[in-house]
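Below are the chains, spelled out letter by letter.
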Amino acid sequence: RLTGNKSYAVTAEKALRALSGQLRDYPSSGTSALFALDYLLNDKIEIVVVGDGEQRREMLGEIYKKYIPNKVIALSRNGGATGPLFEGRMAAEGEVVVYICRNSVCQLPVSTMDELKKSLEEI
């Protein structure tokens, strides 16, 4: 999700298929693989936080309070970050903007704690 390189997902799926018999027969022996399988089979949540400072720390604290399985959190100070999750995502000077997406379909960006809390409730 972070790199946009689909070959990584294809390789991961092949590896999980190779382990499928062992996971079926001995699920407790492959907890990391089961987490990866859960990630593969369910919705992916991408949270991109752009900006810096105390507001960013507070917003990250709010994000980490909520259990959100299969999430990827990407951080940028505001420019300079590369990768598909950062394309077209900027914040005004001194502002923090949070983008929350489900399977690459994004809600409107938020820039206040109240907006963030509401967006996190909708996940």
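Overview of the structure. (Residues numbered from 1 in each chain as written. Predicted model: local features only at pLDDT ≥ 70, side-chain atom pairs only at ≥ 80, totals over all residues. Heavy atoms only, no water.)

Overview of the overall build of the chain
As a reminder, the rule being used: Think of it this way: any DSSP run of H or I at least four residues long counts as a helix, any run of E at least two long counts as a strand, and we number them from the N terminus. Exposure classes here rest on a 1.4 Å probe applied to the protein chains alone. A residue is buried below 20% of its type maximum, exposed above 50%, and partly exposed in between. Two residues qualify as a contact provided that any one of their heavy atoms is within 4.5 Å of a heavy atom in the partner residue. Using the Shrake-Rupley algorithm and a 1.4 Å probe, accessible areas are obtained, with residue cover drawn only from the displayed protein chains. Positive charge is attributed to Lys and Arg, negative charge to Asp and Glu, and no charge count is given to His or to the chain ends. A charged residue contributes its charge at one atom only: NZ of Lys, CZ of Arg, CG of Asp or CD of Glu.
The number of helices and strands found in the chain is 4 helices and 4 strands. Ordering the α and β elements of the chain from the N terminus gives α-α-β-α-β-β-β-α. With respect to the three principal axes, the spread of C-alpha positions in the chain is 55 × 25 × 20 Å. In the chain, buried positions account for 29% of the 123 residues. In the chain, the proportion of contacts linking residues at least 24 apart, taken out of those at least 6 apart, comes to 63%. Of the roughly 7900 Å² of accessible surface on the chain, 54% is carried by carbon and sulfur atoms. Each charge class in the chain was averaged separately, 16 positive and 16 negative side chains, and the resulting centres sit 7 Å apart.

Considering the pairing of strand β2 (residues 71–76)
Here is the rule: Looking down the strands as they point away from you, a crossover is right-handed if its path from the first strand over the helix to the second goes clockwise.
Only one face of β2 is buried: it carries V72, A74 and S76, and the other face, with K71, I73 and L75, is open. As for the winding sense of the linkage, the β-α-β connection from strand β1 (residues 45–50) through helix α3 (residues 54–65) to β2 is right-handed.

Looking at unusual backbone geometry
We note that N70 has phi near 60°; this positive angle belongs to a residue other than glycine. Counting through the fold element by element, N70 comes out in the loop between α3 and β2. In the Ramachandran plot, N103 falls in the positive-phi region, its phi being about 50° despite a non-glycine side chain. Among the secondary structure elements, N103 is positioned in the loop between β3 (97–102) and β4 (105–106).

Some thoughts on the packing of aromatic side chains
Counted only if it meets this: Side-chain rings of Phe, Tyr and Trp, where Trp is taken by its six-membered ring, are said to pair if the distance between their centres is within 6.5 Å; with planes under 30 degrees apart they count as stacked, over 60 as edge-to-face, and otherwise as tilted. Two thresholds decide whether a charge sits over a ring: the Lys NZ or Arg CZ must be within 6 Å of the ring centre and within 35 degrees of the ring normal.
Counted under the stated rule, the structure contains 0 aromatic pairs. Of note, K44 hangs over the ring of Y39, and the distance from its end group to the ring centre comes to 5.4 Å.

Overview of the environment of L19
Take L19: it is sitting in helix α1 (residues 6–25). Expressed as a C-alpha distance, the spacing of L19 and A33, which sit 14 residues apart in the sequence, is 8.1 Å.

Remarks on the packing of α1 against helix α2 (residues 31–41)
Each pair of packed helices gets described by two things: the angle between the helix axes and the distance between those axes. Put simply, the rule is: Throughout, an axis means a line fitted to C-alpha atoms (over the contacting stretch in the case of helices), and angles, computed between N-to-C directions, take values from 0 to 180 degrees. Should an angle fall under 35 degrees it is called roughly parallel, over 145 degrees roughly antiparallel, and 65 to 115 degrees roughly perpendicular, with every other angle called oblique. A clockwise turn of the near helix away from the far one marks a right-handed crossing, whereas an anticlockwise turn of less than a right angle marks a left-handed crossing. In this classification, the charged set is Asp, Glu, Lys and Arg, the nonpolar set is Ala, Val, Leu, Ile, Met, Phe, Trp, Tyr, Cys and Pro, and all remaining amino acids, among them Gly, are polar.
Viewed as axis vectors pointing N to C, α1 and α2 meet at an angle of 125°, and their least axial separation amounts to 10 Å. One finds that α1 runs oblique with respect to α2. In this structure, the crossing between α1 and α2 has a hand that is left-handed. Across the interface between the two elements, E13, L16, L19 and L23 of α1 pack against A33, L34, A36, L37 and L40 of α2. Tallied by class, residues from the contact of α1 with α2 come to 8 nonpolar, no polar and 1 charged.

Side note on the nonpolar core
In a soluble, globular protein the nonpolar side chains are often hidden away together inside. Quick note on the threshold: We define the nonpolar core as a collection of buried residues of types Ala, Val, Leu, Ile, Met, Phe, Trp, Tyr and Cys that are connected through side-chain atoms lying within 4.5 Å of one another.
Counting residues in hydrophobic clusters, the biggest one holds 13 residues, and the most contacted among them are I47, V49, I63, V98, I100, L116 and L120. Among the elements of the structure, β1, α3, β3 and α4 (113–121) are those that each provide at least two residues to this core. When residues no more than four places from it in sequence are discounted, the contact partners of V49 are R56, L60, I63, A74, L75, S76, V96, V97 and V98.

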